[in-house]
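Structural overview
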Amino acid sequence: MDVIDRLSEVLSRIRDAERYAGRAEGSTGLVAVSKTFDADAIRPVVAGGQRVFGENRVQEAQTKWPALKSETPGLELHLIGPLQSNKAADAVTLFDVIETIDREKIARAVAEEMRKQQRLLKLYVQVNTGLEPQKAGIAPADTVDFVSLCRGAIGIEIEGLMCIPPADENPGPHFALLAKLASRCAVDRLSMGMSGDFTTAIEFGATSVRVGSAIFGTR
Ligand SMILES: *Cc1c(COP(=O)(O)O)cnc(C)c1O
């Protein structure tokens with residue numbers, strides 16, 4: 001199987017999971033996670049029709065995406081890793097979606113950069129559903145207030161919520177919690193599910209899944 005076969009297989013598993021869950025066909029988007037793979041490894045996937053990609057480091061993304069984006073108009077790049085405020089300017093320049101807003105300082109830095117650069121990104125709040133100390137994300141209990149703060153005093157729209165469940169736990173309850181928080185926040189996008197659990201995430205209402213190794217191979 002080459003990378004295009006694996007991409008097709010992931011797309012067909014997404015369509016099957018939507019059908020199984022009784023959801024509309026095409027209601028789940030695919031973010032192809034290309035971290036650690038270079039531009040030459042990514043190009044065939046772009047040529048195969050994939051338009052939405054995810055990277056977890058700003059600096060790494062800067063080494064490949066300016067060229068890839070200029071070759072192919074219409075690519076959408078998501079930041080799915082932690083953002084430091086000193087990288088906010090670079091992140092706003094390069095990315096189209098930031099999925100990892102998780103504290104006031106970052107929300108304010110991104111808001112200021114979007115105003116300065118006159119660029120409007122789509123923003124998600126990352127929720128640490130497992131309350132893991134080593135993991136980024138806002139605590140579930142603080143999510144509703146944080147989304148209100150973003151929309152109010154900070155003045156940015158929050159489009160969705162994102163989570164990464166603990167690696168050693170059944171992900172279902174974490175996906176269910178994220179969906180419940182999203183409805184309380186009146187947010188309608190849910191970024192959840194990776195190579196090992198994206199079909200489960202679709203059952204729980206994921207509107208996008210972030211799939212890396214099942215497409216690009218092991219890192
Ligand atoms: C790496 C990564 C993924 C993709 O993980 P795979 O298991 O390779 O599909 C998804 N989300 C985040 C936040 C990641 O860092």
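Small disclaimer: the values here were computed from a predicted structure and weren't measured. (Residues numbered from 1 in each chain as written. Predicted model: local features only at pLDDT ≥ 70, side-chain atom pairs only at ≥ 80, totals over all residues. Heavy atoms only, no water.)

1. Concerning the overall build of the chain
In plain terms, the rule: Secondary structure counts use DSSP, requiring at least four H or I residues in a row for a helix and at least two E residues in a row for a strand, with both numbered from the N terminus. To get the radius of gyration, use the C-alpha atoms; to get the globule rule, take the number of residues to the power 0.38 and multiply by 2.2 Å. To sort residues, take the accessible area from a 1.4 Å probe on protein chains only and compare it with the maximum for the residue type: under 20% means buried, over 50% means exposed, and anything in between is partly exposed. What makes two residues a contact is simply this: any of their non-hydrogen atoms within 4.5 Å. Positive charge is attributed to Lys and Arg, negative charge to Asp and Glu, and no charge count is given to His or to the chain ends. The atoms used to mark charge sites are NZ of Lys, CZ of Arg, CG of Asp and CD of Glu.
A tally of helices and strands in the chain yields 10 helices and eight strands. What you see for the chain is a C-alpha radius of gyration of 17 Å, in line with the 17 Å of a compact globule of 219 residues. The C-alpha extent of the chain, read off along each of the three principal axes, is 50 × 40 × 30 Å. The proportion of buried residues among the 219 residues of the chain is 49%. Of the contacts made within the chain by residues no fewer than 6 positions apart, 58% connect residues no fewer than 24 positions apart. Here the chain contributes 26 positively and 29 negatively charged side chains, and the mean placements of these two sets differ by 3 Å.

2. Topic: the site of the ligand
As a reminder of what qualifies: A cutoff of 4 Å decides nearness: a residue is near a molecule or strand if any of its heavy atoms lies inside that distance of it. Polar contacts, as used here, are pairs of N or O atoms within 3.5 Å; protein pairs need one atom able to donate a hydrogen and one able to accept it. Residues neighboring in sequence count only if both atoms are side-chain atoms. Computed with a 1.4 Å probe, the accessible areas rest on the Shrake-Rupley method; for each residue, only the protein chains presented here act as cover. For cavity detection a 1 Å grid was placed over the protein atoms alone, and a set of points counts as a cavity when a 1.4 Å probe fits there but cannot get out; an open set counts as a pocket when protein lies on both sides within 12 Å along at least five of seven lines, with lining residues being those that have an atom within 4 Å of a point. A molecule is said to be in a cavity or pocket once over half of its atoms fall within 2 Å of that pocket's grid points. The residue classification treats Ala, Val, Leu, Ile, Met, Phe, Trp, Tyr, Cys and Pro as nonpolar and Asp, Glu, Lys and Arg as charged. All others, Gly included, are polar.
In the vicinity of the ligand, the contacting residues are Val33, Lys35, Ile80, Met162, Ile164, Met194, Ser195, Arg210, Val211, Gly212, Ser213 and Arg219. Here a nitrogen atom of the ligand sits 2.9 Å away from a polar atom, N or O, in the side chain of Arg210. Interatomic distance of 2.8 Å between a backbone N/O atom of Ser213 and an oxygen atom of the ligand. Relative to its unbound accessible surface of 380 Å², the ligand loses 89% to contact with the protein. Mapping the ligand onto the cavity grids shows that it belongs to the largest pocket. Classifying every residue of the shell around the ligand gives six nonpolar, three polar and three charged.

3. What about the UniProt feature "modified residue: N6-(pyridoxal phosphate)lysine" (unreviewed entry) in the chain?
Counted only if it meets this: UniProt positions are given in the numbering used here, feature names are shortened, and annotations may be inferred rather than shown by experiment.
The UniProt record annotates "modified residue: N6-(pyridoxal phosphate)lysine" (unreviewed entry) at Lys35. Note on placement: Lys35 falls in the loop between β1 (29-33) and α2 (39-47).

4. Focus: the packing of aromatic side chains
Operational definition: Any two of the Phe, Tyr and Trp rings considered here, Trp counted by its six-membered ring, make a pair once their centres fall within 6.5 Å; the pair's planes then place it as stacked at under 30 degrees, edge-to-face at over 60, or tilted in between.
Inspection of every chain in the model, using the stated rule, returns three aromatic pairs. Ring centres 5.2 Å apart and planes at 25 degrees place the aromatic pair Phe37 and Phe216 in the stacked group. Of this pair, Phe37 sits in the loop between β1 and α2 while Phe216 sits in helix α10 (residues 213-216), and the two are 179 residues apart along the sequence. Judged by its relative accessible area of 15%, Phe37 falls in the buried class. On the basis of relative accessibility, which here comes to 7%, the residue Phe216 falls in the buried class. On the basis of an interplanar angle of 45 degrees and a centroid distance of 5.0 Å, the ring pair of Phe53 and Trp65 is categorised as tilted. Taken together, the positions of Phe53 in strand β2 (residues 52-55) and Trp65 in helix α4 (residues 65-71) put the pair 12 residues apart, joining distant regions of the chain.

5. What to know about the pattern of salt bridges
What counts here: Salt bridges are counted wherever a side-chain nitrogen of Lys or Arg sits within 4 Å of a carboxyl oxygen of Asp or Glu.
Overall, the coordinates contain 14 salt bridges when judged by the stated rule. Between Glu157 and Arg151 there is a salt bridge whose closest N-O contact spans 3.0 Å. Ionic contacts of the salt-bridge type, sharing partners, join the residues Asp40, Arg43 and Glu71 into one network.

6. Quick word on the UniProt feature "domain: Alanine racemase N-terminal" (unreviewed entry) in the chain
Per the UniProt record, the feature "domain: Alanine racemase N-terminal" (unreviewed entry) sits at residues 19-218. Between the C-alpha atoms that bound residues 19-218 the distance is 28 Å, and the span itself is 40% helix and 18% strand.

7. Observations concerning the environment of Leu177
Summarising the element assignment, Leu177 is placed in helix α8 (residues 172-185). The class of Leu177 is partly exposed, set by a relative accessible area of 23%. C-alpha of Leu177 to C-alpha of Ala91: the two residues are 86 residues apart in sequence and 28 Å apart in space. Among residues more than four places away in sequence, those in contact with Leu177 are Thr129 and Pro140.

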